[in-house]
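These are the residues of each chain, in order.
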Amino acid sequence: MFSLINADGTVRDRLPITMEEMRGLYADMVEARTYDHKCMSMQRQGRLATYAPFEGQEAAQIGAAAALMPDDWVAATYRDAALMWRAGYPWRLLIAGRTGDERGGQAPEGVNVLPPSITVGGHMIHAVGLGWAEMLKGTDRVALTSFGDGATSEGDFHEAMNFAAVFHTPTVFLCQNNGFAISLPRSEQTISESIAIKADGYGMPGVQVDGNDVAAVLTVVREALETARSGGGPSLIEAITYRIGPHTTADDPTRYRDEGEAGEWQERDPLTRVRALLERAGGWSQEWQEEIEAAATRRVEEAVAEAEALPPPTAEEMFTRMYDEPTAPLRAQMGEAGR
Amino acid sequence: MSEVNLAQALNGALDTALEADDRVILLGEDIGRTGGVFRITDGLRDKHGEDRVVDTPVAESGIVGAAFGMAIAGLRPVAEIQFLGFSYPAYDQIISHVARIRNRSNHRFTAPLVIRVPFGGGIGAAEHHSESTESIYAHIPGLKVVVPSTPSDARGLLLAAIEDPDPVLFLEPIRLYRAVREEVPDLYFTAEIGPVRVEREGNDVTLISWGAMIKETRAAASALEETGRSVEVLDVRTLSPLDHDGIVASARKTGRVVVVHEAPRHAGLGAEIAAVIQEHALYSLLAPVKRVAGWDTVFPLKRSEGHYLPSVDRIVAAAEETLEA
């Protein structure tokens, strides 16, 4: 398993990342966790629909997204808010989506991030088509798809991996193996020694990385993206991480896992180790910590306010966003709904 | 202008589309080297190259899912699934992704792709090769479902489907591929997705059908005309969105309607058409709307096809019952 930063913040190898970049990644992870905690509490207050927390997976998501170019494609899932945000998708839209508003799915122009996939596994093949199209168009854009360990059991994982390899598309498959698919442990999801080795069967490289090590994830994903960008084809990355929270706010993990395990993983927290590293290198101070936390809180609160200030959706919008132009039967129904 | 059958018209339309628009790319199983199981893409790989007419691995969900990604990224993919009975592995891609992306991204991302699928029975094919399950697709919001029954419509509707900014499931009646011929302009032209085609005008009874069943419906209309009846025939070229106005106008005119389809009767589109008619033309009706459809059985193998497929006699008998009511 590739890693650069140990859980205690000591460095295993020379970091291919500057101290300033590390500070940026750390601040981003702090902001992502602020968002995650905010969403959990908003859901408890009844202000959000079901929420899928990513706590514990910040390094995998921020590290991967930090490796992207601004207009690369991203096809991710409901647990990938941090990844989507770091790839340019604003918090306010992510929150709007979770309040139950389709307008939250509308990425800003120039941000090529699809709305998160809610069904499991169907979206990986989209990143194959996206990358394939860019290859045919002759651009150097690539596509990153993120999914969990559970998604690798879906038939669409096989079809996506196979198509990507056969057509040599510029697609990077990022599996965040967080240990559980709702309640099913990774050991019962597949008896394969790892998820990364599944890449062998498709004829593409597969690598395992410490998913709680932001520097390692960034390094591995950057390399995979550059390979794809330069015509070297797809690859699979398995980021080993852990879902600290429940599957969603509707889940109770005490029914299927030992909470001691979550405690052990908290010792391998992706933020703590970077903070320790920065402290040791003189790149961290309490004052700076407070500053980035305050900035994160301010930005997340602003995003919440913006999302909640969206005017209620009209009945008409439900009809007008189905097709380029509403069909005649839809126009008639729009009239009925407006009555 | 040249006289072509329906299969040749489709081949010509795909050739024209590949020629006219670089964004068009064809993908499917065996469509390149062999020209497809029905030879609809015959010769196109040699002419347009293997990057634009792509033989894919055997994976329907992969074909549609990859085409979907391509469409979002600005291409105009035309995917082929070999038979409607093989399309179900791709059903999740269609219902969960293809038909929803405009809605779930509030117009930011769209999927202008075409999924071409041969459908219907009557050629004595193997199991799963004769299905008419169009209603399970017409039920999906966000998807258009188009069915040509003439060579001219095959060309015009396919070019329209490729131009359409939204996803189109394009169903091709297998039994008619080589059974109908007509003069079709070689020009680039489109037929409008939506309106029914009035196949023949009449005043006493309306027969409504689509796809391969147009053939039996047409023969039934001729038989009825021989007995002095004036018969209107509608070809529902678009199953979704359904042309309520065109259907209702004809029902109001004749007051008697028979819907003919090959798909099982239960929850088939005949039910939707009958419902639309009773909602908008009940007081013009002189008889209950009748359905002549496939039975609610699995589509049978070769030796029983005759027991299953609506026949000219069944259509004539239903129309006569309606006329006598």
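Residues numbered from 1 in each chain as written. Chains lettered and ligands numbered in written order. Predicted model: local features only at pLDDT ≥ 70, side-chain atom pairs only at ≥ 80, totals over all residues.

Trainee: Please clarify how the overall build of chain B should be interpreted in this entry.
Mentor: For chain B, the count of helices and strands is twelve helices and 14 strands. In terms of C-alpha radius of gyration, chain B reaches 19 Å, essentially the compact-globule figure of 20 Å for 325 residues. Dimensions along the principal axes, computed over C-alpha positions, put chain B at roughly 60 × 40 × 40 Å. Counting every position in chain B, which comprises 325 residues, the buried fraction comes to 58%. Counting only contacts in chain B whose residues sit at least 6 apart along the sequence, the fraction spanning at least 24 positions is 80%. (Helix = DSSP H or I, 4+ residues; strand = E, 2+ residues; numbered from the N terminus. Rg over C-alpha atoms; globule rule 2.2 N^0.38 Å. Buried ≥ 20, exposed ≤ 12 C-beta atoms within 10 Å, placed from the backbone. Contact = placed C-beta atoms within 7 Å.)

Trainee: I'm lost on the sheet that holds strand β1 (residues 73-75) of chain A in this one. Help?
Mentor: Each strand in a sheet pairs with its neighbour through backbone hydrogen bonds, running either in the same direction (parallel) or in the opposite one (antiparallel). All names here are of chain A. If you trace the five strands from one edge of the open sheet to the other, you get β1-β2-β3-β7-β6, paired in parallel fashion. Two strands bound the open sheet, and with one partner strand each, they are β1 and β6 (206-210). Neighbour to neighbour, the strand axes of the sheet diverge by 20° on average, direction disregarded. Alignment of β6 against strand β7 (residues 235-240), held across five bridges, turns out to be parallel. Each bridged residue has a counterpart across the sheet, and for Gly206 the counterpart in β7 is Leu236. Helix α5 (residues 124-137) rests against β1, β2 (143-148) and β3 (171-177) of the sheet, and its axis sits at about 175° to β2. (Pairing = 2+ DSSP bridges. Axes fitted to C-alpha atoms, helices over the stretch in contact; angles between N-to-C directions.)

Trainee: Explain the sheet that holds strand β9 (residues 197-200) of chain B here, please?
Mentor: Residues and elements named next belong to chain B. With respect to topology, five strands assemble into an open sheet ordered β9-β11-β10-β13-β14, the strand pairing being mixed. At either end of the open sheet lies a strand with only one pairing partner, and these are β9 and β14 (290-294). Across the sheet, the mean angle from the axis of one strand to that of its neighbour is 25°, orientation sign disregarded. Where helix α10 (residues 269-281) meets the sheet, it contacts β10 (205-209), β13 (257-264) and β14, and its direction lies at approximately 155° from that of β13. In the packing of helix α12 (residues 312-324) onto the sheet, contacts are made with β10, β13 and β14, and the angle to β14 comes to roughly 165°.

Trainee: Which parts of the structure should I look at to understand the interface of chain A and chain B?
Mentor: How big an interface is tends to be stated in terms of the accessible area lost upon association of its parts. Taken together, the 33 residues of chain A in the interface contact 36 residues of chain B. At the level of secondary structure, the elements contributing two or more residues to the side of chain A that touches chain B comprise α5, α6 (155-166) and α14 (328-338) of chain A. At ten residues, the largest contribution of residues to the side of chain A that touches chain B is made by α5(A). Residue composition of the side of chain A that touches chain B, grouped by class: 17 nonpolar, nine polar and seven charged. (Nonpolar A, V, L, I, M, F, W, Y, C, P; charged D, E, K, R; others polar.)

Trainee: When you look at the pairing of strand β5 (residues 114-119) of chain B in this model, what are you seeing that I'm missing?
Mentor: On a regular strand, one side chain projects to one face of the sheet and the next to the other, so that they alternate. Residues and elements named next belong to chain B. Among the six residues that make up β5, six are buried, leaving the element largely enclosed by the rest of the structure. Residues Val114, Arg116 and Pro118 of β5 are buried on one face, and the alternating residues Ile115, Val117 and Phe119, pointing to the opposite face, are buried as well. Two elements, strand β4 (residues 76-80) and β5, share three bridges in a ladder whose sense is parallel. Across the sheet, Glu80 pairs through a bridge with Arg116, a residue of β5. Where β5 and strand β7 (residues 168-173) come together, six bridges link them in parallel fashion.

Trainee: Quick question: what am I supposed to make of the nonpolar core here?
Mentor: One recurring pattern in soluble globular proteins is that nonpolar side chains are buried together. Membership of the largest hydrophobic core comes to 201 residues, with the highest contact counts inside it found for Val217(A), Val221(A), Ile237(A) and Leu207(B). If you tally residues by element for this core, the top one is helix α9 (residues 214-229) of chain A, at ten residues. Beyond its immediate chain neighbours, meaning those up to four positions away, Val221(A) contacts Gly63(A), Ala64(A), Ala67(A), Val172(A), Leu174(A) and Ile237(A). (Core = buried A, V, L, I, M, F, W, Y, C linked by C-beta atoms within 7 Å.)

Trainee: Before we go on, may I ask you to explain unusual backbone geometry in this structure?
Mentor: Among all residues except glycine, the phi angle is most often negative; among peptide bonds, the trans geometry is most common. Residues and elements named next belong to chain B. For the bond running from Ser240 to Pro241, omega is -5°, close enough to zero to count as cis. Tracing the backbone shows Pro241 in the loop between β12 (238-240) and α9 (244-254). Phi is positive for His128, which is not a glycine, with a value near 75°. Here His128 lies in the loop between β5 and α6 (134-138).

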